Structures are given as structure tokens and as C-alpha cells.
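Listed below, chain by chain, are the residues.
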Amino acid sequence: MKIGLIGYSGSGKTALSTLLSGKKVESFDPFQPSVVTVKLKDSRLDRLVEIVKPKKITPPEVLLFDFKGVPKGAGFDEKELVWLLEVDVILLVADGFSEVSTPADDLSSLQLELIFRDIERLSGVEAKRQTEIEQHRRKANPQEDAALEKGRAWLEKEKPLRSLDVSPEEKRFLVSLGLVTAKNTLVLVNGKTETAGISDSGLPCWRLDAGAETNAGEISAFWRFILEAAGLNTFYTAGEKDTRAWLLAAGATALGAAGQIHSDIARGFIRAEVVNFKDYDRLGSDAACRKEGVLRLEGKEYPVADGDIINIRFSP
Ligand SMILES: Nc1nc2c(ncn2[C@@H]2O[C@H](COP(=O)(O)OP(=O)(O)OP(=O)(O)O)[C@@H](O)[C@H]2O)c(=O)[nH]1
Ligand SMILES: [Mg+2]
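Cut-offs and rules
- Residues numbered from 1 in each chain as written.
- Chains lettered and ligands numbered in written order.
- Predicted model: local features only at pLDDT ≥ 70, side-chain atom pairs only at ≥ 80, totals over all residues.
- Helix = DSSP H or I, 4+ residues; strand = E, 2+ residues; numbered from the N terminus.
- Buried ≥ 20, exposed ≤ 12 C-beta atoms within 10 Å, placed from the backbone.
- Contact = placed C-beta atoms within 7 Å.
- Axes fitted to C-alpha atoms, helices over the stretch in contact; angles between N-to-C directions.
- Parallel < 35°, antiparallel > 145°, perpendicular 65-115°, else oblique.
- Left-handed = near helix turned anticlockwise from the far one by under 90°.
- Near = placed C-beta within 6 Å.
- Nonpolar A, V, L, I, M, F, W, Y, C, P; charged D, E, K, R; others polar.
- Arc of directions from axis to C-beta.
- Domains from an automatic or database assignment.

A closer look at the overall build of the chain
- For the chain, the count of helices and strands is 11 helices and 12 strands.
- Expressed as lengths along the three principal axes of its C-alpha atoms, the size of the chain is roughly 60 × 55 × 35 Å.
- Out of the 316 residues in the chain, the part that is buried amounts to 32%.
- In the chain, the share of contacts with a sequence separation of at least 24, taken over all contacts with a separation of at least 6, comes to 67%.

What about the packing of helix H4 (residues 103–134) against helix H5 (residues 142–156)?
- Across the interface, H4 lies against H5 with an axial gap of 10 Å and an inter-helix angle of 150 degrees. Compared by their axis directions, H4 and H5 come out roughly antiparallel. Once H4 is placed against H5, the crossing between them reads as left-handed. Residue-level contacts link Ile 115, Asp 118, Ile 119, Leu 122 and Glu 126 of H4 to Leu 148, Gly 151, Arg 152, Leu 155 and Glu 156 of H5.

What about the site of ligand 1?
- Neighbouring ligand 1 are 16 residues; Gly 12, Thr 14, Ala 15, Gly 69 and Gly 211 lie closest to it.
- Counting residues per element, the ones that place at least two in the shell around ligand 1 are helix H1 (13–21) and strand E6 (184–191).
- Of the residues contributing to the shell around ligand 1, the split by class is three nonpolar, 10 polar and three charged.

Considering helix H8 (residues 254–261)
- Of the positions making up H8, those classed as buried are Ala 254, Ala 257 and Ala 258. Across the axial projection of H8, the buried residues extend over an arc of 100 degrees, all falling on one side.

Let's talk about the domain arrangement of the chain
- Domains assigned within the chain are domain 1 (2–101 + 182–229), domain 2 (107–180) and domain 3 (251–314).
- With centres defined by C-alpha atoms, the gap from domain 1 to domain 3 works out at 31 Å.

Some thoughts on the environment of Ile 115
- Tracing the sequence through the fold places Ile 115 in helix H4.
- Given 21 C-beta atoms within 10 Å, Ile 115 falls into the buried group.
- Once residues within four sequence positions are removed from consideration, Ile 115 is found in contact with Leu 155, Glu 158, Pro 160 and Thr 181.

Structural data, given as C-alpha cells:
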């Protein structure tokens, strides 16, 4: 999973990236975010390792994209903002520690900047489509035109595309155009300031203080918030060679899980052997789980539950 931290200069994105990754985060290019890998702690994975004793352990991984901020009012550069299209979740970071900043205000102007960016992008897309139609390189598509119109009207009301109520096809189409306000977006306030007022934006919000001692419990709570707000479940593969935790969108199927492990495994999918961590933890082995009937065979369409331990049977 990729998370992009964006916010005004000095809001503490780099300090937070350092806090969350435990690594020094360095920036080399003002138009490109620094990327740092975070391996998440996972107590269920620790327990699986105890039982399976694998050669290799792979915890869930998150990539943090630490964007270079700009002073408020200066405007972000499109060269930098296109990188937001790479991330799964946008984390808007607001300064909640200095006297000069009001997080709620900073967040509304940040959101507006992203909305204006999308309006500009949409205008570019529309102009290009128009030219292509005139040059007979593209056929007019009333459905797509209607979706573009709805998207534009919504953005012009200063609302982000993620809250636009359209059909899944229209949503997919709009997302395919490279519009950043269609992305899942959360808020992180850096500092002591209470987060009151920010909830008006309707965005899930969390607070961490990069300037204070932070204990492991606070960091774990932050990641639980992120996974929950981003709608992610964790599933496991408990191999003797490699026991691993994977992040997967809630609602995804066994076939989706297989695809995340390897495209070949998804292609040759036969069945998934599934047992939930709760049962495996209690019973302590595959054999005991089979005997109790809690290790079951599921098909491609099985909706993966949080904590499922999955073994995909496939034909290579
Ligand atoms: N007191 C206090 N200072 C902080 C906190 N977070 C960051 N700072 C300080 O604020 C300054 C800027 O922090 P950075 O993490 O570099 O800010 P940034 O958001 O990465 O800034 P840009 O990369 O310019 O966009 C540094 O001097 C930090 O030490 C905080 O929570 N409390
Ligand atoms: Mg920085």
C-alpha cells in the first residue's frame, strides 16, 4: 500500500515519515516525493511465526511518499502533484503545533488546491477529447461526456470527486482520467492541537505529535486507524519458507488475494484453503483445524475476511 503525505511546508511531513519509519528521510528532488518503506508490526503474524517457524518472515509493507510542501498560498506544482496519482491513500498533513497555523483552515485550503488542480486537469482532458473528435481520431461518447459534465459541476461546487454519487462505471472512468480528489483521503494533524472542527470536512482524522516522545502503542493505533479508514484487511500465507502478511481491500475475493500473491497463482486458481487466525491460534496446527472442520475449501468468489490464513491450490 502507498500513502502520500501532502501538506504545507513545515507541517511536519518529513518529521512524521521519520517517526513512522524509524529511518532518516531524505529529499533529493523538489518535484518528486521521497519514498520510505515501513514494515508494520503485526501481532497475529508474530503468533503465526511461533507456530510455523518459517525460514523467512514478511510483515505487511507500506510505502510512504513524503511530498515536498509549499508555503501556504504559493500553489503546488503539477510536476509534484502527478505523483499523488501513484498512491492508494492521500494523507493531508496539517501543522497542529505552531502558533501560526490553524489546522482546520490549512486543511480546507489544501483541499481547495487539489480541487482546482482537478478542474484544470479536467479542462485539459476535455479539450484533448474535443480535438481528437474533430480530427476523427475519437468517437463521441455520450456516457463519458455525461460523466465528465457531472464531475466538472461537482468540482466547481468546490467538492472533491470522491464524494460524487455516480455509477461505478462512471467513477472508474473519472478515476482513469488522473483526478486526485477521487482518491481516498484522510487527515493527520501533527501536534497537540485538538482535532475539533476538522471533522466538519467529513474526512477521517487522526493526531500524532512528531515533536514529542511517541510510544509504540500510539504508532500501532495510528496504523490501525489507517488500515480501517483505508478499508484494508490483512490476510496471511503461512508457508514454512515464507510466512507473510498481506494487505487487501475489504470485500476482495479469494481470487483477488491470489492475484496479490502472484498473477500465475490467480491464473491457475483451483481452490483456496482458508482458516481464520482466531481458530488457528486456538488450535495451533493445520491438522487440528481440519479435524475441527474450521479449515475449509473456498472458491474464487469467497470474500476474504480480516485475519484469514489462505493457501491457494493452483495448477501451474
Ligand atoms: N515543535 C514541533 N516542531 C515540529 C513538529 N513537527 C515538525 N517540527 C519542526 O518543523 C520543521 C519542519 O518539519 P518538517 O518535517 O521538515 O516539515 P515538512 O512538512 O516535511 O516540510 P516540507 O518538506 O518543507 O514540506 C522542523 O524544524 C521540525 O523539527 C512538531 O510536532 N512539533
Ligand atoms: Mg519535508
